[in-house]
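Chain by chain, the residues run as shown.
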Amino acid sequence: MKSTRIKYNPYWDCIIVLFFRQPFSSKTLLFHSDVFELFLLKIRLEILLEGKDSVKLLKQAIMEKGRVLSNDVLKVDAFLNHQIDPELMQEIGKEFTERFKDEGISKILTIESSGIAPAMMAGLYLGVPVVFARKRKSLTLVDGLFTAKVHSFTKKETNEISVSSEYLLAGDVVLIIDDFLANGQAARGLVDIVKQANATLAGVGNVIEKGFQAGGDLLREQGIRVESLAIIDSLENNQITFREE
Ligand code: 5GP
């Protein structure tokens, strides 16, 4: 995605509009200043939608706030897995939207709990609902369930995840979003649920992919489109090494 070089200052247009309005009083000139105001509003919207360089911001957050716990685990509790940075999530949502906007997505599917924040923001910009797979059985969610077994890489336990058939329909075009892609267990379970619903899978979007683990290759080998905003090639020696784009 193109980065925005102009840093928008909301006071500029106010100052310019005031400047144009003040000295003139004729209707024609007022009309011109209204047109000019609209023009500025349009530019402001374009800048808002174009956003910042989300990948750069994400990598910066990983470098500054991420903590390497071992050669294969990265802790990002400061902005994604515990405390959440809404502005960064917004940029992440825009980036997923940019990458998948032509796929005719009708629903986003994620898994609780850390996938929800980035999925929500993508849902907001794509204008579609977000469904999250539950890890625990709900008392109100008993009938018509799609289920899959998922082994958690970080918790070392196996959960049966479930999604109500009410919220995933045969005609849906689904984008799966998650915080991390490691061995691909969570993604595999979600892909399985999309298949059970007879819905179409548009792709899998991950905020962070650990490229040295098998998940990415496994999904791509199946012909699934995988878009990861930041791919980490190594966490060895306490160093975070990103894959060059
Ligand atoms: P996978 O199923 O691909 O093996 O692992 C993905 C899931 O495990 C993600 O939903 C994420 O919550 C968690 N996960 C995997 N690796 C990491 C990691 O290095 N750090 C954190 N914080 N979570 C991870």
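Residues numbered from 1 in each chain as written. Predicted model: local features only at pLDDT ≥ 70, side-chain atom pairs only at ≥ 80, totals over all residues. Heavy atoms only, no water.

## Focus on the nonpolar core
To keep things clear, this is the line we draw: Residues belong to one nonpolar core when they are buried, are Ala, Val, Leu, Ile, Met, Phe, Trp, Tyr or Cys, and are joined through side-chain atoms within 4.5 Å. Only protein chains enter the area calculation, which uses a 1.4 Å probe; residues under 20% of their type maximum are buried, those over 50% are exposed, and those in between are partly exposed. A run of H or I in DSSP counts as a helix once it spans at least four residues, and a run of E counts as a strand once it spans at least two, with each numbered from the N terminus. Should any heavy atoms of two residues lie within 4.5 Å, those residues are counted as being in contact.
Ranked by internal contacts, the top residues of the largest apolar core, which has 33 residues, are Leu58, Ile62, Leu74, Ile108 and Ile208. Elements represented by at least two residues in this core include exactly helix H3 (54–65), helix H4 (77–81), helix H5 (86–100), helix H6 (116–126), strand E7 (173–181), strand E8 (200–210) and strand E9 (226–234). For this core, the element with the most residues is H5, which contributes five residues. Once residues lying within four places of it in the same chain are set aside, the contact partners of Ile108 are Ala119, Ala122, Gly123, Leu126, Val128, Pro129, Val130, Val131, Leu175 and Ile177.

## Observations regarding the sheet that holds E9
Our working rule: Each pair of strands is called paired provided DSSP finds at least two bridges between the two strands.
Strands sit in the order E4-E3-E7-E8-E9-E10 across an open sheet of six strands; the sheet is mixed. Only two strands of the sheet have a single neighbouring strand rather than two, namely strand E4 (130–133) and strand E10 (241–242). As defined by bridge partners, E9 adjoins E10 across two bridges and the pair is classed as antiparallel. Considered in E10, the bridge of Ser234 is made with Thr241.

## Quick notes on the site of the ligand
Keep this limit in mind: Near residues are defined by distance, with any heavy atom within 4 Å of the molecule or strand qualifying the residue. Definition of a polar contact: a pair of N or O atoms within 3.5 Å, with one able to donate and the other able to accept a hydrogen when the atoms are protein atoms, and with sequence-neighbouring residues admitted only if both atoms are side-chain atoms. Accessible surface is estimated by sampling points in the Shrake-Rupley manner with a 1.4 Å probe; for residues, cover comes only from the protein chains shown. Polar here means any residue other than Ala, Val, Leu, Ile, Met, Phe, Trp, Tyr, Cys and Pro, which are nonpolar, and Asp, Glu, Lys and Arg, which are charged; Gly is therefore polar.
Around the ligand there are 16 residues in total, and Leu74, Ala182, Gly184, Ala186 and Lys210 lie nearest to it. Between the ligand and the protein, one listed contact pairs an oxygen atom with a side-chain N or O atom of Asp179 at 3.1 Å. The separation between a nitrogen atom of the ligand and a polar side-chain atom of Lys210 is 2.7 Å. Across the complex, the protein chains shield 89% of the 510 Å² of accessible surface that the ligand would expose by itself. Where the shell around the ligand is concerned, the elements lending two or more residues are E7 and helix H7 (185–196). If one sorts the elements of the shell around the ligand by residue count, E7 sits on top with four residues. Across the shell around the ligand, the residue classes tally to seven nonpolar, five polar and four charged.

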